[in-house]
Amino acid sequence: MLKKILAMLLAFVMMLSLTACGGNKHADNDAEPDDGKKQERVTEEPEETEEPEETKEPEREEFDEFKQTATIEETILYDDNDIIITAKNLTYEYSGVNLSVQLENNRDEDLKFSSGSCNSVNGYMLSVGNLYCDVASGKKANEEMYFSYNEMRLHGIYELAELGLQFTVAGDDDFELSTDSVILKTSAFDSYTFNPKGFQDTVISDAAKGELEYSVDFFDTKELYNSSGISLVSQTIVTTDDEQQLFLEFVNDSSKTIIVSIDRTALNGLVLNSGCWTWEMLSPSTHRVIAIDLESAIGTEYREALGITEIGSFSFDIVLKNIEFDVIEENERVSINVSDVSAPFDKTGIEAYNNDGMCIVFKGFIKDPFEYSDDVHALFIVENSAGEERFVDVNYDTLSINGFMVDFICYSQTLLDGEFAILDIEIYDELDIDDFSDITELEFELEIRDEDYHKVSEPTITVHF
């Protein structure tokens, strides 16, 4: 309506301009003759120019709304071991849909019901549908499982066609069971078209980016991993105002629930965490997008101290496990090449140790990124050129600042031959130091072990400033 009004006003102004041009007259015969001695009395008026037409702003692609019409029939999801779980109905709220369930405990002990890690919507496993509830012996409870519209829409889901639901029930003693995954179909199931590329199509769409306010920095659908029915089918890096995330889309084409573990993360070849970063379950015949918070993995303060100006590559190991957490596929290294141009990190600094194929360089102090913390981080880069795997850690109760013992936390790192890794010593906020320049000495004892966990050396590392 506003654009229509502006267009009408513009047309009106142009009409007035044309009327003014039509009123200009040539000098008539009664005008005073020019004697050639006086200056010309008429000043030439500027030529009228046509007003430019208003440029219409391109209309933003609309992000489809979630249809709030699907219903379910009351359905018993589980009935065994004196336990009954019943799906009652769906209710649509402002930001999501609730599934009402009734939990019935007919056992002679109190029970704890939980759900969430293995639930799916239309074939996509999401971080929704969480349930935690205590039910006393002989009692019932009515609970609701919540599913967010925006999370479903980001995966290309605009209508509830089916829910994959699984529950865990535990007693006070040794009793515990996990129900099989049950597919609960809605009234929309028969008419719904399932899209196996729903997440890929949506995450790069202008509609999703506009409404959810993010930008896509990298997107690729190259299959980087395929083993035991698990495949990695897309990789996306998105940025919002305050965070950057890596989305890894996995598909489980097997007939079993499998745990995908993301281990040994590295940015631009620098190992950030040599242990398990995160893990998620994938039910049979489902997709799951595993999100890695890159700001949490290595925030702006760390990147500046380490000389990392852009993401060139992000690497990690994939380990597959069964639901008992037994390894079924050993680690396989996967590298996402975000840029064709090499994006290194700065290896220079104060050399604190160099012996037996191990070099340790001090990179500086940074404030803890968490706004409510006064902790200080001492950053080191460790290089392993020993020809075999090495394990490094800071021995407990050995750190001192300016000669005073201080408490700290530091996670160990395991480096393959030729690898670089961060050694991050977080020093608790008991330091009575106003500025980093007040720190003149840092000292601690380092533990170095080989691949069989045999002690190689235990040097004292001292850095003077």
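Residues numbered from 1 in each chain as written. Predicted model: local features only at pLDDT ≥ 70, side-chain atom pairs only at ≥ 80, totals over all residues. Heavy atoms only, no water.

Digging into the sheet that holds strand S1 (residues 75-80)
- If you trace the four strands from one edge of the open sheet to the other, you get S1-S2-S3-S8, paired in antiparallel fashion. The outermost strands of the open sheet, each flanked by one partner alone, are S1 and strand S8 (140-148). When the angles between neighbouring strand axes are averaged without regard to direction, this sheet yields 20°.
- Relative to strand S3 (residues 96-105), strand S2 (residues 83-92) runs antiparallel, the two sharing nine bridges. Note on S3: the bridge partner recorded for Ile85 is Leu103. (Pairing = 2+ DSSP bridges. Helix = DSSP H or I, 4+ residues; strand = E, 2+ residues; numbered from the N terminus. Axes fitted to C-alpha atoms, helices over the stretch in contact; angles between N-to-C directions.)

Some remarks on a negative patch on the surface
- Taken together, Glu61, Glu62, Asp64 and Glu65 make up a surface patch of like negative charges.
- Looking at the element boundaries, Asp64 is found in the loop between helix H1 (2-22) and S1.
- On the basis of relative accessibility, which here comes to 44%, the residue Asp64 falls in the partly exposed class. (Patch = residues over 30% accessible without salt bridge, like charges linked within 9 Å, V, L, I, M, F, W, Y side chains within 5 Å. Areas by Shrake-Rupley, 256 points an atom, 1.4 Å probe, with all protein chains shown as cover. Salt bridge = Lys/Arg side-chain N within 4 Å of Asp/Glu carboxyl O. Lys, Arg positive; Asp, Glu negative; His and termini not counted. Charge placed at Lys NZ, Arg CZ, Asp CG, Glu CD. Buried < 20%, exposed > 50% of the residue type's maximum accessible area, 1.4 Å probe, protein only.)

Looking at the side chain of Glu104
- Relative to the assigned elements, Glu104 resides in strand S3.
- An unpaired buried charge is present at Glu104: no salt bridge exists, and Lys140, the closest side chain of opposite charge, is 4.3 Å distant.
- With residues up to four places along the chain from it excluded, the contact list for Glu104 reads Asp82, Ile83, Ile84, Phe113, Lys139 and Lys140. (Contact = heavy atoms within 4.5 Å.)

Quick look at the nonpolar core
- With 49 residues, the main nonpolar core has Ile83, Leu99, Phe113, Phe147, Met152, Leu160 and Leu165 as its most contacted residues.
- Filtering out sequence-adjacent residues up to four positions away, Phe147 remains in contact with Gly96, Val97, Leu99, Val121, Val128, Gly129, Met152, Leu163 and Leu165.
- The next biggest cluster of nonpolar side chains, apart from the first, holds 41 residues, and it includes Met125, Leu272, Ile290 and Leu320. (Core = buried A, V, L, I, M, F, W, Y, C linked by side-chain atoms within 4.5 Å.)

Digging into the pairing of strand S7 (residues 131-135)
- Side chains Leu131, Cys133 and Val135 of S7 all project onto a buried face; the interleaved residues Tyr132 and Asp134 project onto a face where none is buried.
- Sheet topology note: the strand S4 (residues 111-115)/S7 ladder contains five bridges and is antiparallel. Paired with Ser115 across the bridge in S7 is Leu131.

A word on the confidence of the model for the chain
- Of the residues in the chain, 86% have a pLDDT of 70 or more, and the chain-wide mean is 87.
- Here H1 stands out as the least confident element of the chain, with mean pLDDT 34; S2 is the most confident, with 98.
- Contacts from residues 1-43, a stretch scored under 50 in pLDDT, to residues over four places away or in other chains number 15 contacts. (pLDDT = per-residue confidence, 0-100.)

Digging into the sheet that holds S4
- Here we have four strands laid out as an open sheet, ordered S7-S4-S10-S11, and antiparallel in their pairing. Strand pairing shows two members of the sheet lacking a second neighbour, S7 and strand S11 (176-178), which therefore form its edges. When the angles between neighbouring strand axes are averaged without regard to direction, this sheet yields 15°.

Considering the environment of Tyr149
- Its place among the elements puts Tyr149 in helix H2 (residues 149-154).
- Residues Tyr149 and Gln68, 81 residues apart in the sequence, show an inter-C-alpha distance of 10.0 Å.
- Those residues in contact with Tyr149 that sit more than four places away from it in its chain are Phe66, Gln68, Tyr92, Glu93, Tyr94, Ser95, Gly96 and Val97.

Overview of the packing of aromatic side chains
- By the definition in use, this model includes 15 aromatic pairs.
- Relative to Phe247, the ring of Phe199 lies with its centre 5.9 Å away and its plane at 80°, an arrangement referred to as edge-to-face. Residue Phe199 is found in helix H3 (residues 198-203), and its partner Phe247 is found in strand S16 (residues 244-252); the two are separated by 48 residues along the sequence.
- Note on Phe247: relative accessible area 11%, which makes it buried.
- Residues Phe370 and Tyr372 carry aromatic rings whose centres are separated by 5.6 Å and whose planes lie at 65° to one another, so their mutual orientation is edge-to-face. (Phe/Tyr/Trp six-rings, centres within 6.5 Å; stacked < 30°, edge-to-face > 60°.)

Side note on the side chain of Ser234
- By secondary structure assignment, the location of Ser234 is in strand S15 (residues 230-239).
- A distance of 2.6 Å separates polar atoms of two side chains, one belonging to Ser234 and the other to Glu249.
- Each residue touching Ser234, except ones within four places of it in the same chain, is listed here: Phe199, Gln200, Asp220, Thr221, Phe247, Leu248 and Glu249. (Polar contact = N/O pair within 3.5 Å; in protein donor to acceptor, adjacent residues only side chain to side chain.)

Quick word on the pattern of salt bridges
- Here the structure, examined in full by the defined rule, presents 13 salt bridges.
- One salt bridge in this structure joins Glu447 and Arg449, with 2.7 Å as the shortest N-O distance. Of the two residues examined, Glu447 and Arg449, each falls in the buried class.
- Here Glu458 ties to Lys455 by a salt bridge, and the two come within 3.3 Å at their closest N and O atoms.
- Assessed through its relative accessible area of 34%, Glu458 is described here as partly exposed.

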